[in-house]
Structures are given as structure tokens and as C-alpha cells.
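Examining the three-dimensional arrangement
Spelled out, the chains give:
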Amino acid sequence: RLLDPGDVVDLQLAARRVAVDDTASDYAIRLVLATRDPAAHGLPKLVGLLEYGASPRASLGLVRSARAMALLRGRQRAVAQDVYDVAYDILNARLALSYRALAEGFTIDDVLVELLTTVPAPGSMAWAPPVPSASTVPPPPAYPTQVAPAYADAAAYVARDPQVPSSQAMQGPG
């Protein structure tokens, strides 16, 4: 079934309740700061290539998107991997290349690949177990082989919220 506007609002509210690891927040901030001062973050290749880096609001966008990604993956906690996985799309529209970079043929893709492969992510962390689901959909496979269907685990997360009346809770397929 398709999502109606009420389902979308319920998912937005559920995403806001997803906790964020301190390491994930720190990683989001470090990625943004690295676009503003590449030399100080071990990115000498990027010095002079950006007219301006991502604003502080970009770190908020990274964290908000990481929460949504964690929810889609059936977790109640966003981790640094979620930040990494959304960083390319979030930062892509928030950077501007310098005239020098454009003249030398650099692209935003070049900058983002260098950024994401150089700025170290926090150490490996064990992911929290998926949210229990009452549906008969099998649990999602371990990341990164395949992304789990959003409806089952997200529905269980929304339905468990005491603030959302059961009549508004998202229903699984059927």
C-alpha cells in the first residue's frame, strides 16, 4: 500500500524520536568542519578547491537524515555509519567549488570522495538490535547487503508510541 499524508507525518515523528549516538553527532560535526577548514582536518588536497564549505546547519541535516536512515533500518539509535551513508547526498548541495577548482576540472564528487575517505569515522560500533516487529516479515539481512523494507519495522516503532493513537499507527502490508 502507498503511504498517505498521515503515514508520512507519523514517520517524521518517529524519526525525531530516534536517539543519536554521541559519536554520530561528533562525526557529522567533523565532516562539516572539514569542508570549512580542510587543512586542519587532514585534507590538504582540498585547500583552495571550495569557495565555501557546508554551514553549521548541514550538521543538523546530517543528524536528522541519519535518524531517518536508522528508522528505515529498524533501529532506535542512529550511529556514525548512518551519518556516513547520508553524508554524500546532504553535503552535495551545500558546497561550492572555487573558480580554481572549476578551471582545473574538479567536481563536487571529487571533493566529497576525498572528504568521506579521509575524515575518520569513529571506531566500529555494534548496532542496536532491530525494533521487534509483530508482522510476519522476516528480519532484515545484516547491513550492507540489502536495505530492509521500511513498512514493517517502522510500523512497529510508530505503533509502540503511546502518543500516537492506535488508529493512526501505520499498518503493515495486508
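Coordinates for the structure precede this section.
What counts as what
- Residues numbered from 1 in each chain as written.
- Predicted model: local features only at pLDDT ≥ 70, side-chain atom pairs only at ≥ 80, totals over all residues.
- Heavy atoms only, no water.
- Helix = DSSP H or I, 4+ residues; strand = E, 2+ residues; numbered from the N terminus.
- Buried < 20%, exposed > 50% of the residue type's maximum accessible area, 1.4 Å probe, protein only.
- Areas by Shrake-Rupley, 256 points an atom, 1.4 Å probe, with all protein chains shown as cover.
- Contact = heavy atoms within 4.5 Å.
- Axes fitted to C-alpha atoms, helices over the stretch in contact; angles between N-to-C directions.
- Parallel < 35°, antiparallel > 145°, perpendicular 65-115°, else oblique.
- Left-handed = near helix turned anticlockwise from the far one by under 90°.
- Nonpolar A, V, L, I, M, F, W, Y, C, P; charged D, E, K, R; others polar.
- Core = buried A, V, L, I, M, F, W, Y, C linked by side-chain atoms within 4.5 Å.
- Salt bridge = Lys/Arg side-chain N within 4 Å of Asp/Glu carboxyl O.
- Expected span 1.5 Å × (residues − 1).
- Bend = angle between axes of the 7 residues up to and from the residue.
- Polar contact = N/O pair within 3.5 Å; in protein donor to acceptor, adjacent residues only side chain to side chain.

With that out of the way, let us pick up the overall build of the protein chain. The helix and strand inventory of the protein chain stands at 7 helices and 4 strands. When burial is assessed residue by residue, the protein chain has 40% of its 174 residues classed as buried. A total accessible area of about 9900 Å² is found for the protein chain, and carbon and sulfur atoms account for 58% of it.

A few words on the environment of Val-20. Locating Val-20 in the fold gives a position in strand E1 (residues 19-20). Taking C-alpha positions, Val-20 is 8.2 Å from Ala-66, a pair spaced 46 residues apart along the chain. Setting aside its immediate chain neighbours within four residues, Val-20 contacts Ser-25, Val-63, Arg-67, Arg-77 and Ala-78.

To continue, consider the packing of helix H2 (residues 22-36) against helix H4 (residues 80-92). For the pair H2 and H4, interaxial distance at closest approach is 9 Å and the crossing angle is 30°. Considered as vectors, H2 and H4 are oriented roughly parallel to each other. For the crossing formed where H2 meets H4, the hand is right-handed. Between H2, through Ala-24, Tyr-27, Ala-28, Leu-31 and Val-32, and H4, the contact on the second element is made entirely by Ala-80, Val-83, Tyr-84, Ala-87 and Leu-91. Tallied by class, the residues present in the contact of H2 with H4 amount to 10 nonpolar, no polar and no charged.

Attention shifts here to the environment of Tyr-88. Mapping Tyr-88 onto the fold places it in helix H4. Under the relative-accessibility criterion, Tyr-88 is labelled partly exposed at 29%. Between the C-alpha atoms of Tyr-88 and Leu-115, which are 27 residues apart in sequence, the distance is 9.5 Å. Once residues lying within four places of it in the same chain are set aside, the contact partners of Tyr-88 are Asp-109, Leu-112 and Leu-116.

Attention now moves to the nonpolar core. Residues Leu-31, Leu-62, Val-83, Leu-91 and Leu-115 are the most contacted members of the largest nonpolar core, which totals 39 residues. If you list the elements that add at least two residues to this core, you get helix H1 (5-16), H2, helix H3 (56-72), H4 and helix H6 (108-118). In terms of residue count, H3 provides more of this core than any other element does, 7 residues in total. Setting aside chain neighbours within four positions, we find Leu-62 in contact with Ala-28, Val-32, Val-83, Val-86, Ala-87, Ile-90 and Leu-91.

Another aspect to go through is H6. When we look at burial in H6, the residues that qualify are Ile-108, Val-111, Leu-112, Glu-114, Leu-115 and Leu-116. Residues of H6 that are buried in the fold lie against H2, strand E2 (50-52), H4 and strand E4 (96-97).

Applying the stated criterion to the full structure yields 6 salt bridges. Residue Glu-104 pairs with Arg-100 through a salt bridge whose shortest N-O separation is 3.2 Å. Overall, Glu-104 belongs to the partly exposed group, its relative accessible area being 48%. One network of salt bridges, in which partners are shared, links Arg-73, Arg-75, Asp-82 and Asp-85.

This part takes up H4. When the terminal C-alpha atoms of H4 are compared, their 18 Å separation across 13 residues agrees well with the 18 Å that a helix rising 1.5 Å per residue should span. Maximum bend of H4: about 45°, positioned at Val-86. For H4, the complete set of buried residues consists of Ala-80, Asp-82, Val-83, Val-86, Ala-87, Ile-90 and Leu-91. Those residues of H4 that are buried lie in contact with H2, H3, strand E3 (77-78) and H6.

A word on the side chain of Asp-82. Within the fold, Asp-82 resides in helix H4. A polar atom in the side chain of Asp-82 sits 2.7 Å from the side chain of Arg-75.

Such coordinate-based values are descriptive only and should not be taken to indicate function.
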